[in-house]
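Letter by letter, the chains look like this.
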4 protein chains.
Amino acid sequence: MDNSQNWRQRLYVIIFETDTKAGQRFDNWLLLCILASLVVVMLDSIERFHSQYAGLFGALEWGFTALFAIEYGLRLYCSPKPLRYAFSFFGLVDLLAVLPAILALLLADAQYLMIVRVIRMIRIFRVLKLRQYLSQANFLLLALRGSQQKIIVFLVSVSTLVTVFGALMYVIEGPAHGFTSIPIGIYWAVVTLTTVGFGDITPHTPLGQMLATLVMITGYSIIAVPTGIFTAELANAMRLEGQFKHDCPGCSKASHEHNAAFCSRCGSALFRQLRD
Amino acid sequence: MDNSQNWRQRLYVIIFETDTKAGQRFDNWLLLCILASLVVVMLDSIERFHSQYAGLFGALEWGFTALFAIEYGLRLYCSPKPLRYAFSFFGLVDLLAVLPAILALLLADAQYLMIVRVIRMIRIFRVLKLRQYLSQANFLLLALRGSQQKIIVFLVSVSTLVTVFGALMYVIEGPAHGFTSIPIGIYWAVVTLTTVGFGDITPHTPLGQMLATLVMITGYSIIAVPTGIFTAELANAMRLEGQFKHDCPGCSKASHEHNAAFCSRCGSALFRQLRD
Amino acid sequence: MDNSQNWRQRLYVIIFETDTKAGQRFDNWLLLCILASLVVVMLDSIERFHSQYAGLFGALEWGFTALFAIEYGLRLYCSPKPLRYAFSFFGLVDLLAVLPAILALLLADAQYLMIVRVIRMIRIFRVLKLRQYLSQANFLLLALRGSQQKIIVFLVSVSTLVTVFGALMYVIEGPAHGFTSIPIGIYWAVVTLTTVGFGDITPHTPLGQMLATLVMITGYSIIAVPTGIFTAELANAMRLEGQFKHDCPGCSKASHEHNAAFCSRCGSALFRQLRD
Amino acid sequence: MDNSQNWRQRLYVIIFETDTKAGQRFDNWLLLCILASLVVVMLDSIERFHSQYAGLFGALEWGFTALFAIEYGLRLYCSPKPLRYAFSFFGLVDLLAVLPAILALLLADAQYLMIVRVIRMIRIFRVLKLRQYLSQANFLLLALRGSQQKIIVFLVSVSTLVTVFGALMYVIEGPAHGFTSIPIGIYWAVVTLTTVGFGDITPHTPLGQMLATLVMITGYSIIAVPTGIFTAELANAMRLEGQFKHDCPGCSKASHEHNAAFCSRCGSALFRQLRD
C-alpha cells in the first residue's frame, strides 16, 4: 500500500511536473509522439500515400491512440484529485486526443478529427521554459481583455457593414455574375473587406465595381481600428508593467520606477524606515 | 383620459427604456424579431429555398413588416414629442425597417432592401449593458474625429495615386489584357493597392508587372499610415485620460502633467513637504 | 501704365490668393474644370463611349487644354516674379496640365497622359481650409522623414528577401507551373509577400507550397515593421507637438504643458517677470 | 618583405575600410559588379534571351565568378587574421558569391543559386553612411528581440489554428473541391489567414464558406497582434531613450523618470530651489 502510494507520487512527479530531469524527458517524448501522430494523420490524408500504406498508417494511428489512452489513464490514476484533473483545461485536451479514434469506429470521416491532437501542442510551452512563455500569453490575453468592449463594438459594426454590402451586391450584380444569394454576397463582402480577395466571385457591372472599390477602401482603412486598439492597450500595459506599484504616502502616485525608494514627484520616502 | 395618459407612460417605459425588466424583455424580443426577419430575407434569396417556400417567406416578410409598422406606430404614439423621435437617428432607422416593404410593392427587387433592417442591429448594444458600450463607441469616434484631417489628406493622396496608376496601366497593358478603360484601370489599382488582389485582371507585360510591383509595395507600406494615425490618436486619448488629477492648493487647477511636482499655471508646490 | 499695373495686381489676388471671395470662387471653378477634364479623359477611354462621342470628347479636351493654357499664361503674366513661379512646385504642376495635349499631337497614346492633371487635385486643399490641411500633410511627411533610415533598412531587406524567394521558386517550380523566369518569380514573391495574392501564378509542387507558406507568414508578420516604425514616430511627434517648447531656466526641462507658466518639475517660473 | 607588408596594409585599407576615397571607390565598383552579376543571372533565366545570348551570359557569369574569387582571395591575403575573416558573417557571404558557380559544374540547376549573391547587397549600407544605418538596423533587431517570446507564443498559436482549420476544411470540402489532403488544407488556411487569398483553392459548400469566413475574420483581426507587439516594443525603446538625463546631486544616479523632481533612489531634490 505504502509502496503503491510511493509509486503514484513518483509517477505524478514525472508526468505532471517539469522541474526534474525525468519530468522533462517525459514531456519531450510526449511532444514527439504528438507530432508523430499528427504527421501520420496528415500523410494518411494524401491519396498517393493512403493507397500504398493504408495498413501501416492504420496500425500507427491505433498505436498512438493506445499510447495516449494509457497516458490518460495514468494521469487519472496518479493525480491526487482525479476528477479535478479530468475537468481541467489540460484534462479535457488530453481526453480529446483519445476520443476521435473511438468516434472513428462509428463515423466514417471521424479519423481526421484526430487532428485535434494538435491542440496538445500547447504542451510545447512546457518543454521550453514554461513559466516565462505562459506569462507572455497571459500578457497578450490581458491586453485583449482590456480592449474587449471596443472589439465587440468593432465586430458588430463590421457584421452590419458586411451584411449591407453583401445584400447590395446581390441586388446589383445578381446570380448571373456569381452572386447567387445574399449569403454568398456576404461571403464575398467578407472576402473583400478582409483584403483576402480570392477572386472566385468578382463584380462585373460598373456599379458593382464602384461598390467593390468602396468595400476595399473601407476594409483597407478599418484594419487600423483593431490594430490601434490592441497596440494602445498593449503599450499601456507594458508601460505600467515594468513599474513598481506602490501608493506614495505623500502624493498617492501609484506607480514608480522599478527600484525606486523615494517618490520622484514629491520626494517622500516610499517606506517607513527611510523616513526616520 | 388620465387612464390613457397612464397607459402611454407605461408603454413609453417598456418601449424606450432599458432599466426595467419589462423593458429589457421587450428589447430582447425585438432583437430576435429583427434577426429572424433578416434570416427570412437571406433564405428567400437562395434559389433552392425560394422555389420551394416562396409563399411562406412572403407571408413571414409581410408579418414582420406589419409587426415593425405597429411598433413604429406605438413609438410615435407613446413618445412625448413624436416629431422629435421621428427625426432622431433611431426614429429614422425604425422607419427604414418598414419602408422597403412598401417600396417592394412598386419596385421588383426592392424586397431585398429589407436587408437595411440590419442597421437596427445597433439595438444590440441596448440589450448588452448599454452605456458602457456606447461610451466605447464614442471613444473610437472621438479618436477618428481627432485624426479626421490627417485621414482626408491620406484619402486624397490615395485617390490621386490610384488614378495615376490606373491610367498608366491602361496605357501600358491596354484592352488586350483586360484593362479595357481608365475606370477599369483605377478599379484594378484599388484592388491591388488595398492588397485585396482578386486576380480577375492581372498585368501580362513586363513593364506592367514592374508597375504592379511598385503599386503593391506602395500599398503594403502606406497601410502603416492610417494605422499609425489612428493608433497614435488613440494612445493620445488614453494618455490624456491618465493625467494626474489633483487640485492645486494655489489655483485649484484640477489636472496636471503626469508626475508634475508643481502646478504649471501658478507654480505652487502640489505637496506639503515641498512647501516647507 | 498705372492702370495695367493695377489690373495685374487685382488678377494676382484673384488667381493666387484664397482670402477674398473672388479668389475662392476662382479656386472652386478651377477645381471643377480639373475634375470635368478628368471625367472626359476617363469616359473617352471607354470603348462604347469613344465610338459614339469621339468628336465631342476631342473638342472638350481641346477646350480644357486651351482653358488651362490661358490660366497658365495669366499666372505667368500677373506673377511679380514669373520665373520663380514657373519653377515652383505648383508652377510645374500647372504646366503638366497643358503639356500632354501638345505631346498628344506627336505621340499616339499621349492623350491619356492628360490624366496627370489629377495631380492638380492637390489644389483641393486650397478650397478647403488651406493651411490646416497642409500642416497636417507636413506633419505626416515629418513623421516619414524621421523614420526614413529605418524604412530604407526595411526596403533593402525586403528587396533581398523577394529576390532570393523569387529565384528559389523559379528553381523549384520551373516554367511548367508559370514561373517562366527569375523576374517572374520575383513578381510572384512581391504579390505574395505583400499579401495581394492575385493567383495568376501559384505553386503546384509540395516544396513550392511549403516555401509559399513561409513567404506568406513572413509577409503577414513583417507588415508590423513599417506600421510599428511609423506609429511610434507619429505618436512621438504628436506627444511633443501639443506641448510648449521652452527651456526651463531652473532644470532645462525642454517641453511643458501648453499654457504652462511654471515648470512642473522644479517649480521655476518660466518667464522673468513672474520671478520678481 | 617590408614592401609586401606595406602593400598588404594598403590593400587592406582599400578593401576593408570605407573612410578613404579609394576605399569608397572600391565599394562602389564592387556593388556595381554584384548588381550586374545579378542582372545577368536574371536575364539568363528568361527563355527568349537565353536562347539568343546563352554563350555571352555564360562568359559573363564566369567572368564575375572569377572576379569575386580574386576579390575573396585578396581579402584572405591582406586580412591580418585570415581565418577570423573567413568565418565572420561577411566572410561567409563573400564565399557564397563564389561557391554556386563551382557547384554549377556538378548540379544542373545550381547556376541559379548564384542569386544568393543578392545577400552581398547588404554591402549597400557601407556605400551609404555606414554606421547610422547599421545602428538603425540594430534598433529594429533589439525591438524584435524584446518581443521574441510574445512572437513565439503568437506563432505557435497561429500554427495550431492553421492546422485545425486546414483539417476541418479537408473534412468539410473534400478532394472534389480541391482540398486533396490535409497539408493542402493547411496551405489553404495559411493563404487565407494571412489574407493573401490566391484563389487557386476556394470553398464551394455553404459550411466551408462559413468556416472560411471565420478564418478570414480571424486573420484580419490577429494581424493586430504582431503589429501591436512590435509597435509597443518600439515605442518603449524610444521612450527609454527619451528618459531624463541629469546627475543626481545626492547619489549621481544618471537617468530619471521623465519629469522627476526627486531622485527615486536617494530622495534628493534634483534642483536647487527645491532643496532650500
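All values reported here derive from a predicted model rather than from experimental measurement.

Definitions and limits used
Residues numbered from 1 in each chain as written. Chains lettered and ligands numbered in written order. Predicted model: local features only at pLDDT ≥ 70, side-chain atom pairs only at ≥ 80, totals over all residues. Heavy atoms only, no water. Contact = heavy atoms within 4.5 Å. Salt bridge = Lys/Arg side-chain N within 4 Å of Asp/Glu carboxyl O. Polar contact = N/O pair within 3.5 Å; in protein donor to acceptor, adjacent residues only side chain to side chain. Helix = DSSP H or I, 4+ residues; strand = E, 2+ residues; numbered from the N terminus. Nonpolar A, V, L, I, M, F, W, Y, C, P; charged D, E, K, R; others polar. Least-squares fit on C-alpha atoms with pLDDT ≥ 70 in both. Buried area = accessible area lost by both parts, 1.4 Å probe. Patch = residues over 30% accessible without salt bridge, like charges linked within 9 Å, V, L, I, M, F, W, Y side chains within 5 Å. Areas by Shrake-Rupley, 256 points an atom, 1.4 Å probe, with all protein chains shown as cover. Buried < 20%, exposed > 50% of the residue type's maximum accessible area, 1.4 Å probe, protein only. pLDDT = per-residue confidence, 0-100. Axes fitted to C-alpha atoms, helices over the stretch in contact; angles between N-to-C directions. Parallel < 35°, antiparallel > 145°, perpendicular 65-115°, else oblique. Left-handed = near helix turned anticlockwise from the far one by under 90°.

## Details of the interface of chain D and chain A
Next, step 1: Contact residues are listed per partner, giving 56 residues for chain D and 54 residues for chain A.
Next, step 2: In this assembly, chain D and chain A are joined by 0 salt bridges.
Next, step 3: For the pair chain D and chain A, the interface holds 4 residue pairs in polar contact (both at pLDDT 80 or more).
Next, step 4: Listed by contribution, the elements that provide at least two residues to the side of chain D that touches chain A are helix 9 (148–173), helix 10 (182–193), helix 11 (206–222), helix 12 (224–241) and strand 2 (255–256) of chain D.
Next, step 5: For the side of chain D that touches chain A, the leading source of residues is helix 9 of chain D, giving 11 residues.
Next, step 6: Taken together, the residues that form the side of chain D that touches chain A break down as 29 nonpolar, 21 polar and 6 charged.

## Regarding the relation of the copies chain D and chain A
Next, step 1: Rotating chain D by 91° and moving it 0.3 Å along the rotation axis overlays it on chain A with an RMSD of 2.3 Å. Taken together, the rotation and translation relating the two chain copies correspond to the operation of a four-fold axis. Among all residues of chain D, the one whose C-alpha sits closest to the rotation axis is Ala261 of chain D, at a distance of 2.2 Å.

## Observations concerning the interface of chain A and chain B
Next, step 1: Taken together, the 49 residues of chain A in the interface contact 49 residues of chain B.
Next, step 2: Here chain A meets chain B over a buried area of about 4,400 Å², counting both sides, of which 73% is carbon and sulfur.
Next, step 3: Counting every contact that joins chain A to chain B gives 0 salt bridges.
Next, step 4: Linking chain A with chain B are 4 residue pairs in polar contact (both at pLDDT 80 or more).
Next, step 5: Those elements giving two or more residues to the side of chain A that touches chain B turn out to be helix 9 (148–173), helix 10 (182–193), helix 11 (206–222) and helix 12 (224–241) of chain A.
Next, step 6: Considering every element that reaches the side of chain A that touches chain B, the biggest residue donor is helix 9 of chain A, with 11 residues.

## So, the relation of the copies chain A and chain B
Next, step 1: The transform that puts chain A on chain B rotates by 89° and translates by 0.4 Å along the axis, for an RMSD of 2.3 Å.
Next, step 2: Looking at chain A, a mere 14% of its interface residues are interface residues in chain B too, so the copies touch through different faces.

## Focus: a nonpolar patch on the surface
Residues and elements named next belong to chain A.
Next, step 1: A contiguous nonpolar patch, built from Tyr53, Leu56 and Leu60 and spanning about 270 Å² of accessible area, is present on the exposed surface.
Next, step 2: Positionally, Leu60 belongs in helix 3 (residues 47–78).
Next, step 3: Taking the relative accessible area as the measure of exposure, Leu60 reaches 35% and is therefore partly exposed.

## Overview of the environment of Ser159 of chain C
Residue and element names in this part refer to chain C.
Next, step 1: Here Ser159 shows up in helix 9 (residues 148–173).
Next, step 2: Between the C-alpha atoms of Ser159 and Val190, which are 31 residues apart in sequence, the distance is 9.0 Å.
Next, step 3: Within the structure, the side chain of Ser159 is placed 2.8 Å from the backbone oxygen of Leu155, a separation counted as a polar contact.

## Observations concerning the confidence of the model for chain A
All names here are of chain A.
Next, step 1: Model confidence for chain A is summarised by a mean pLDDT of 80, while 82% of its residues fall at 70 or above.
Next, step 2: In the model of chain A, helix 13 (residues 272–275) stands out as the element of lowest mean pLDDT, 56, in contrast to helix 10, which has the highest, 93.
Next, step 3: The ipTM, which scores confidence in the relative placement of chains, is 0.81 for this predicted complex, and the corresponding pTM is 0.84.

## Considerations on the pattern of salt bridges
Next, step 1: As enumerated under the stated definition, the model contains 8 salt bridges over all chains in all.
Next, step 2: With a closest N to O distance of 2.6 Å, Glu71 of chain B and Arg75 of chain B form a salt bridge. Residue Glu71 of chain B and its partner Arg75 of chain B are both found in helix 3 (residues 47–78); the two are separated by 4 residues, about one turn of the helix.
Next, step 3: With relative accessibility at 7%, the residue Glu71 of chain B sits in the buried group.
Next, step 4: The partner of Asp94 of chain D in a salt bridge is Arg75 of chain D, with the nearest N and O atoms 3.5 Å apart. In this pair, Asp94 of chain D is assigned in helix 5 (residues 89–96) and Arg75 of chain D in helix 3 (residues 47–78), connecting sequence segments 19 residues apart.
Next, step 5: When its relative accessible area of 1% is taken as the criterion, Arg75 of chain D is described as buried.
Next, step 6: Here the residues in one salt-bridge network are Glu71, Arg75 and Asp94 of chain A, joined through shared partners.

## Quick look at the side chain of Ser37 of chain C
Next, step 1: With respect to the helices, strands and loops of the structure, Ser37 of chain C is situated in helix 2 (residues 21–45).
Next, step 2: A distance of 2.9 Å separates a polar side-chain atom of Ser37 of chain C from the backbone oxygen of Ile34 of chain C.

## Some words on the packing of helix 10 of chain A against helix 11 of chain D
Next, step 1: Taken N-terminus to C-terminus, the directions of helix 10 of chain A and helix 11 of chain D make an angle of 25°; their axes are 9 Å apart at the nearest point. Classed by the angle they form, the pair helix 10 of chain A and helix 11 of chain D counts as roughly parallel. The crossing of helix 10 of chain A and helix 11 of chain D is left-handed. The residues of helix 11 of chain D that touch helix 10 of chain A, namely those facing Ile184, Tyr187, Val190, Val191 and Leu193 of chain A, are Gln209, Ala212, Thr213, Met216, Ile217 and Tyr220 of chain D.
Next, step 2: Here the contact of helix 10 of chain A with helix 11 of chain D is composed, by residue class, of 9 nonpolar, 2 polar and no charged.

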